[in-house]
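Listed below, chain by chain, are the residues.
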Amino acid sequence: MSWGTELWDQFDNLEKHTQWGIDILEKYIKFVKERTEIELSYAKQLRNLSKKYQPKKNSKEEEEYKYTACKAFLSTLNEMSDYAGQHEVISENMTSQITVDLARYVQELKQERKSNFHEGRKAQQHIETCWKQLESSKRRFERDCKEADRAQQYFEKMDADINVTKADVEKARQQAQIRHQMAEDSKADYSSILQKFNREQHEYYHTHIPNIFQKIQEMEERRIVRMGQSMKTYAEVDRQVIPIIGKCLDEIVKAAESIDQNRDSQLVIEAYKSGFEPPGDIEFEDYTQPMKRTVSDNSLSNSRGEGKPELRLAGKAKGKLWPFIKKNKGSTPEDFSNLPPEQRRKKLQQKVDDLNREIQKEMDQRDAITKMKDVYLKNPQMGDPASLDHKLTEVTQNIEKLRFEAQKFEAWLAEVEGRLQARSEQVRRQSGMYDGQPPPAGHTCAQDRESSPDGSYTEEQSQESQVKVLATDFDDEFDDEEPLPAIGTCKALYTFEGQNEGTISVAEGETLYVIEEDKGDGWTRIRRSEDEEGYVPTSYVEVCLDRNAKGAKTYI
């Protein structure tokens, strides 16, 4: 199967076919190039996606990644970055092993094709020249033969005419002989050129063209083989990264399997546990007794009565956080006293650990400077030992300062841990008492069941505290517009900075009058004096209503 023998007369078609083959190869190169661009773009998008969802450093998001589910998600993001890297590898390998290689090969192929067809055209032009020579000699032979025939006929005519002189006859005879000789020469020349043309034609169709077409066939077959090899490489480049991509996916599965819901639940406890105890039982108040009421732990005998009635308040149970109250704006105390005990302990412990790390870092720096100073003392040419004294003194002072800070926070930490331990002991003792005794007397104040809000926690002072409540006669304080009457009193459990319009600032322990109950929005309207009234968060105050007052609600 040879193009030289089978396609000896298809020179133009072979030229078109080989050009088509080069176009196909260039099309494949373009396809691979676009694939590499897609891989690069995909890798970039994957990296950007992974980076977009990475936790920001020193932010709240970074703290959230202590949970196992978040750690697994972070591991997934990191693996996706590695996954993107493999697509970059695909792009690089396809570019170097296919695109660049084939582009160079196409240039060589074009040059080889050009050379082969140039040689074919040269052979073609040569045979065409031989053919033209043959045609020219043939026409000359034909012309000379006709001229010889005409000269012979003229001679014979002259010879037969008796009126023609002998000289004219001789001249005609000589002319006929010349023409016959010219015809014979043309015949010999035509025969020689014909034999030469036949040899050239035989070589053209049986030697030159088969050789040239064979080269073109081999060139085309090499192109086909090279294209097939490139397609194999295309697949192998993908196949080579499959194990690594599989590892990335295995790591994602491993991270997913490492999620521990119990561990996350424990971390939630550690993150939000306040250290407070739940409130105790509320004492039942019997309203079937006569109107002569005794001052109890949770009611006001007469909010507008004479003198200064005492209000006994049962112990406050501080057990839950405040999700509905805005945090106070302001700086955080250095000792974190605004936090619940358990959260305060964690913050203090974290601060102590940070300070210890800083101390160790400074100590390492001091040791390094000391060693350098010893080297300078032994080898003065390396440096002046005195130049390090200032730096050594500065580092030593930093260490002392950090140690002082650490001792301060350790003292606060010890205090908090001691209180937590004492609280736990008290709860255990109370639990033992409840097993054999009725529940202790409580009160009906709704806010006794609330704990302190974020940003304003205070330590529990006692289980039962006595607070003097001042009752002021409002009848003499009415202006043109009669103010709302007091329906009870309240005690500020925590300090509240009323920075918004309509609010009022209160200090912890301050006693004020209630003029409007919480309507369900989490705010209670109170009054300090005739000119000072406003709203405070209901959870910040302990309200005790006068059940006989107009507008007061009765509840247990």
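What this report covers is the structure whose coordinates are included nearby. Since this is a predicted model, take the numbers as computed values, not measurements. (Residues numbered from 1 in each chain as written. Predicted model: local features only at pLDDT ≥ 70, side-chain atom pairs only at ≥ 80, totals over all residues. Heavy atoms only, no water.)

Re the pairing of strand β7 (residues 541–545)
It is a general feature of regular strands that their side chains alternate between the two faces of the sheet. Counted residue by residue, β7 has five buried out of five residues, so it is predominantly covered. Side-chain alternation along β7 places Val541, Val543 and Leu545 on one buried face and Glu542 and Cys544 on a second face that is also buried. Note that strand β3 (residues 488–492) and β7 share five bridges and pair antiparallel. For Gly488, the partnering residue across the bridge sits in β7 and is Leu545. (Buried < 20%, exposed > 50% of the residue type's maximum accessible area, 1.4 Å probe, protein only. Helix = DSSP H or I, 4+ residues; strand = E, 2+ residues; numbered from the N terminus. Pairing = 2+ DSSP bridges.)

Thoughts on the sheet that holds strand β5 (residues 523–529)
A sheet is described by the order of its strands in space; here five strands give the open sequence β6-β5-β4-β3-β7, paired in antiparallel fashion. Unpaired on one side and paired on the other, β6 (532–537) and β7 mark the two borders of the sheet. Direction aside, the axes of adjacent strands within the sheet are offset by 40° on average. (Axes fitted to C-alpha atoms, helices over the stretch in contact; angles between N-to-C directions.)

Observations regarding the nonpolar core
Residues Leu25, Tyr28, Met94, Ile98, Phe213 and Ile216 are the most contacted members of the largest nonpolar core, which totals 39 residues. When residues of this core are traced back to their parent elements, those giving at least two are α2 (11–52), α4 (68–160) and α5 (166–257). At 15 residues, α4 tops the list of elements feeding residues into this core. When residues no more than four places from it in sequence are discounted, the contact partners of Phe213 are Trp3, Gly4, Leu7, Trp8, Phe11 and Leu14. Cys490, Leu512, Val541 and Leu545 belong to the second-largest nonpolar core, a separate cluster that totals 16 residues. (Core = buried A, V, L, I, M, F, W, Y, C linked by side-chain atoms within 4.5 Å. Contact = heavy atoms within 4.5 Å.)

Focus on the environment of Gln201
Its location among the elements puts Gln201 in helix α5. Measuring from C-alpha to C-alpha, the distance between Gln201 and Trp131 comes to 8.9 Å, with 70 residues separating the pair along the chain.

Considerations on helix α6 (residues 261–272)
Over its twelve residues, α6 runs 17 Å from end to end, which matches the ideal 16 Å to within 8%, given 1.5 Å per residue. All of the buried residues in α6 are Asp264, Leu267 and Ala271. Each buried residue of α6 sits inside an arc of 55° when the element is viewed along its axis, so together they form one side. Residues of α6 that are buried in the fold lie against α4 and α7 (341–378). Its side-chain oxygen placed 3.0 Å from the backbone nitrogen of Asn262, Asp260 serves as the N-cap of α6. (Expected span 1.5 Å × (residues − 1). Arc of directions from axis to C-beta. Polar contact = N/O pair within 3.5 Å; in protein donor to acceptor, adjacent residues only side chain to side chain.)

Quick word on the packing of α2 against α4
Packing of α2 against α4 leaves a shortest axis separation of 8 Å and a crossing angle of 165°. Taken together, the axis directions place α2 and α4 in an arrangement best described as roughly antiparallel. Remark: the crossing between α2 and α4 carries left-handed chirality. Taken together, the residues of the contact of α2 with α4 sort by class into 24 nonpolar, 13 polar and ten charged. (Parallel < 35°, antiparallel > 145°, perpendicular 65-115°, else oblique. Left-handed = near helix turned anticlockwise from the far one by under 90°. Nonpolar A, V, L, I, M, F, W, Y, C, P; charged D, E, K, R; others polar.)

A look at the side chain of Thr524
You can see Thr524 is positioned in strand β5. The exposure class assigned to Thr524 is buried, which follows from its relative accessible area of 2%. If sequence neighbours within four positions are ignored, Thr524 has contacts with Val514, Glu516, Asp518, Gly534, Tyr535, Val536 and Thr538.

Side note on the pairing of β3
Summarising burial for β3: five of the five residues are buried, a large majority. Judged by which residues are buried, β3 turns out to be covered on both faces: Gly488, Cys490 and Ala492 on one side and Thr489 and Lys491 on the other are all buried. Of the pairings in the sheet, the one linking β3 to strand β4 (residues 511–516) comprises four bridges and is antiparallel in character. Across the sheet, residue Lys491 finds its bridge partner in β4, namely Thr511.

What to know about the side chain of Gln86
Note that Gln86 resides in helix α4. Not counting the four nearest positions on each side in its chain, Gln86 is found in contact with Val241, Ile244 and Ile245.

Looking at the environment of Gln124
One can find Gln124 in helix α4. Through-space distance from the C-alpha of Gln124 to that of Ile209 is 8.6 Å; in sequence the pair is 85 residues apart. Every residue in contact with Gln124, bar those within four places of it in the chain, is listed here: Phe11 and Tyr204.

Remarks on a nonpolar patch on the surface
On the surface, Leu49, Tyr53 and Phe73 cluster together into a nonpolar patch covering about 280 Å² of accessible area. For Leu49, the position within the fold is in helix α2. (Patch = residues over 30% accessible without salt bridge, like charges linked within 9 Å, V, L, I, M, F, W, Y side chains within 5 Å. Areas by Shrake-Rupley, 256 points an atom, 1.4 Å probe, with all protein chains shown as cover. Salt bridge = Lys/Arg side-chain N within 4 Å of Asp/Glu carboxyl O.)

So, the pattern of salt bridges
Here the structure, examined in full by the defined rule, presents 25 salt bridges. One salt bridge in this structure joins Glu220 and Arg223, with 2.5 Å as the shortest N-O distance. Residue Glu220 and its partner Arg223 are both found in helix α5; the two are separated by three residues, about one turn of the helix. Given a relative accessible area of 3%, Glu220 falls into the buried group. In this structure, Glu532 engages Arg528 in a salt bridge whose closest nitrogen and oxygen atoms are separated by 3.1 Å. Judged by its relative accessible area of 37%, Glu532 is partly exposed. A relative accessible area of 29% means that Arg528 is categorised as partly exposed. Each of Glu516, Arg525, Arg527 and Glu533 takes part in one network of salt bridges that share partners.

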